[in-house]
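Summary of the model geometry
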Amino acid sequence: MNNKKFIEDCESRLEKKFKAVDEIAYFNQVKVMEAFREYRVALRHFNGTTGYGYDDEGRDCLGKLYAKVFGTESGIVSPHLLSGTHALTVALFGLLRPADTVFCISGMPYDTLRGVIFGEGNGSLKDFGINFEYVGLKDGKFDYEEISSSFNEKIKVVYIQRSRGYELRDAFSCAEIEEACKFVRGLGFNGCIFVDNCYGEFVEMKEPTEVGADVMAGSLIKNAGGGLAQNGGYICGKEKYIDMIGKRLTAPSIGLEVGSYSGGYQYLYQGLFMAPHTVSQAIKTGLLIGQAMAELGFKNYPSIDKTPYDITRAIEFGDADKMINFIREVQYASPVDSFVTCEPWDMPGYDEQIIMAAGTFVSGASIELSADGPVKPPYIAYFQGGLTYEHGKYALERILNKIG
Ligand SMILES: *Cc1c(COP(=O)(O)O)cnc(C)c1O
């Protein structure tokens, strides 16, 4: 098969979808530009600070920018949030108190959150007397009947995970999240609606906090960091909740007035500036790979006729070797560590062996072209990222040479 011609054919079938992705990127770029202008971002904001970090303008302004872009009252953006899991953890511990219940309506939360929420004797929320209840999805969608019948007074946080994680379901759109928010409010819920927004930022023209969620959190080495952030996380939402969470991030007596970072903030600002475009490149890469794999007979999700609501794509191989070869090829097509052959491995926070391709400039950054998954039937590779569409296309060409 002529792979170049095959890829060109895939691209021509995707033209309309690519145009829609460009429109979203432009809309979100405008949002970001207006925030930068409103808060008069200047070179001094990029300076690092030391010690307690009182009056750290770079830190405070960054929080305001994120809040503005995500349509919230307040925001925390910090290199001291070590990862997505840590941002979500800090937020949940800030929001919940003993005897409260956190109620997850999007099925079982992402693997690394399970130990956080109901781990035994590891300092989990459960160890602090916080209950966990959840409702599974029905055909991949919110199960409103079950949500309604499980609803109770002790629930203080309703938890929604937007992206699929290592599950075979599609990400929720903001329209679906809006409907779910309205539904739980209709049940009389007046606590906090919380969204794990990992992989979701800038994929649509709206964010969950613009359609009814009170708080959302995510990682800066995924979408929101635009491929430039070296680490960090964000938590945005209603001021009263962000205050509670800020007291957990630092200390109850201190809140958000301390926190220095001597490394400086340029990459976090520039990353936010880049993020709408970078996310569009990742989505186009995912669409191209999805189209090509579908034509080769590999089922992938979201199916190619559907609009993607996050930057991940699950490709079902049904065979361990095929899955492992695909992931290895992604690694060989990477700018960093291209000579490395990936092996399945035991990773902290996961129950099964995971195989991961991440030949990334920022270690483990999955806004960069990467693929991973637990090695178990039906052998699904979760593919995401791509800082540039051209790199995605290059990786696809290599994959096709191997398996096409
Ligand atoms: C990536 C991810 C997280 C957090 O993961 P980290 O690796 O800790 O950044 C949480 N939830 C979902 C759905 C994710 O995709």
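Details of the structure are given in the entry above.
Presented here is an overview of the structure given in this document. (Residues numbered from 1 in each chain as written. Predicted model: local features only at pLDDT ≥ 70, side-chain atom pairs only at ≥ 80, totals over all residues. Heavy atoms only, no water.)

1. Here we look at the sheet that holds strand S6 (residues 215-219)
For the record, the criterion: By definition, two strands form a pair when at least two bridges between them are found by DSSP. Note on conventions: DSSP H or I runs of at least 4 residues are helices, E runs of at least 2 residues are strands, and numbering of each starts at the N terminus. In this analysis an axis means a line fitted to C-alpha atoms, helices contributing only their contacting stretch, and an angle means the value between N-to-C directions, from 0 to 180 degrees. Two residues form a contact once any of their heavy atoms are found within 4.5 Å.
In space, the 7 strands of this open sheet follow the order S1-S7-S6-S5-S4-S2-S3, with mixed pairing throughout. A single partner strand is all that each edge strand has here, and the edge strands are strand S1 (74-78) and strand S3 (131-134). Direction aside, neighbouring strands of the sheet carry axes that sit 20° apart on average. Relative to S3, strand S2 (residues 101-104) runs parallel, the two being bridged by 4 bridges. The residue bridging Thr 101 from the neighbouring strand is Asn 131, located in S3. Helix-sheet contacts for helix H4 (residues 84-95) involve strand S4 (155-161), strand S5 (192-196), S6 and strand S7 (233-237), and the interaxial angle to S5 is about 170°. The sheet contacts of helix H8 (residues 239-249) involve S1, S5, S6 and S7, and relative to S1 the element is tilted by about 30°.

2. Digging into the site of the ligand
Our working definition: Think of it this way: one heavy atom of a residue within 4 Å of a molecule or strand is enough to make that residue near it. N or O atoms within 3.5 Å of each other form a polar contact, as long as, within protein, one can give a hydrogen and the other can take it, and as long as residues adjacent in sequence are counted only when both atoms are side-chain atoms. Where accessible areas are quoted, they stem from the Shrake-Rupley method and a 1.4 Å probe; at the residue level, only the protein chains shown are allowed to cover. For this classification, the nonpolar set comprises Ala, Val, Leu, Ile, Met, Phe, Trp, Tyr, Cys and Pro, the charged set comprises Asp, Glu, Lys and Arg, and every other residue, Gly included, is treated as polar.
Taken together, the residues surrounding the ligand are Ser 83, Gly 84, Thr 85, Leu 88, Tyr 110, Gln 161, Asp 196, Cys 198, Tyr 199, Ser 219 and Lys 222. Ser 83 places a polar side-chain atom, nitrogen or oxygen, 3.3 Å from an oxygen atom of the ligand. One nitrogen or oxygen atom from the side chain of Lys 222 is found 3.1 Å from an oxygen atom belonging to the ligand. Surface burial for the ligand is 88%, taken as the share of its 380 Å² of free accessible area covered by protein chains. For the shell around the ligand, the residue count by class is 4 nonpolar, 5 polar and 2 charged.

3. Concerning the sheet that holds strand S13 (residues 380-384)
Across the sheet, which stays open at both edges, the 6 strands sit in the order S8-S9-S13-S12-S11-S10 with antiparallel pairing between neighbours. If you trace the sheet from one side to the other, it starts and ends with strand S8 (300-301) and strand S10 (345-346), each paired once. In this sheet, strand S12 (residues 370-374) lies alongside strand S11 (residues 353-357) in antiparallel orientation, the contact comprising 4 bridges. Looking at the pairing, Met 356 lines up with Asp 372 of S12. This element, helix H9 (residues 266-295), spans S8, strand S9 (312-316) and S13 of the sheet and lies at about 15° to S9.

4. Description of helix H1 (residues 3-13)
Just so we agree on the cut-off: Residue exposure (1.4 Å probe, protein chains only): buried if accessible area is under 20% of the type maximum, exposed if over 50%, otherwise partly exposed. The arc in question is traced by the directions running from the helix axis to the C-beta atoms.
For H1, every residue scored as buried is listed here: Asn 3, Phe 6, Ile 7, Cys 10 and Glu 11. All buried residues of H1 fall inside an arc of 140° around its axis, so they share one side. Close packing links the buried residues of H1 with helix H2 (15-38), H9 and helix H11 (389-403). Put simply, Asn 2 is the residue that caps the front of H1, since its side-chain oxygen is 3.1 Å from the backbone nitrogen of Lys 4.

5. Some thoughts on the environment of Pro 348
Assignment of secondary structure puts Pro 348 in the loop between S10 and S11. For Pro 348, a relative accessible area of 76% puts it in the exposed group. A sequence separation of 307 residues divides Pro 348 from Val 41, and the C-alpha atoms of the two residues are 39 Å apart.

6. Details of the pattern of salt bridges
Which entries qualify depends on this criterion: Salt bridge criterion: a side-chain nitrogen from Lys or Arg within 4 Å of a carboxyl oxygen from Asp or Glu.
All chains considered together, the criterion is met by 24 salt bridges. Residues Lys 5 and Asp 9 are paired through a salt bridge, measuring 3.1 Å at the closest nitrogen-oxygen approach. Taken together, the residues Lys 5 and Asp 9, both in helix H1 and 4 residues apart, mark about one turn of the helix. The salt bridge involving Lys 19 is made with Glu 23; its shortest N-O contact spans 3.3 Å. A residue pair is termed a helical-turn pair when its members lie 3 or 4 positions apart in one helix, as Lys 19 and Glu 23 do in helix H2 at 4 residues. Given a relative accessible area of 54%, Lys 19 falls into the exposed group. Residue class for Glu 23 comes out partly exposed when judged on its relative accessible area of 43%. Through salt bridges that share partners, Arg 162, Glu 204 and Glu 207 make up one connected network.

7. Thoughts on the packing of aromatic side chains
Aromatic ring pairs are described here by two measures, namely the spacing of the ring centres and the angle between the planes. Stated precisely, the cut-off is as follows: To pair, rings of Phe, Tyr and Trp, with the six-membered ring standing in for Trp, must have centres within 6.5 Å; the planes then decide the type, stacked if under 30 degrees apart, edge-to-face if over 60, and tilted in the middle. Put simply, a charge is over a ring when the Lys NZ or the Arg CZ is close to the ring centre, within 6 Å, and near the line of the ring normal, within 35 degrees.
Under the definition given, this model contains 22 aromatic pairs. Between Phe 132 and Tyr 134, the ring centres sit 5.8 Å apart and the planes meet at 10°, which makes this aromatic pair stacked. Tyr 134 gets classed as partly exposed once you look at its relative accessible area, which sits at 43%. Linked through ring pairs, Tyr 66, Phe 70, Phe 202 and Tyr 234 together constitute an aromatic cluster. Positioned above the aromatic ring of Tyr 110 is the side chain of Lys 222, whose terminal nitrogen or guanidinium carbon lies 5.8 Å from the ring centre. The residue whose ring lies beneath Lys 222 is Tyr 199, and the NZ or CZ to ring-centre distance is 4.1 Å.

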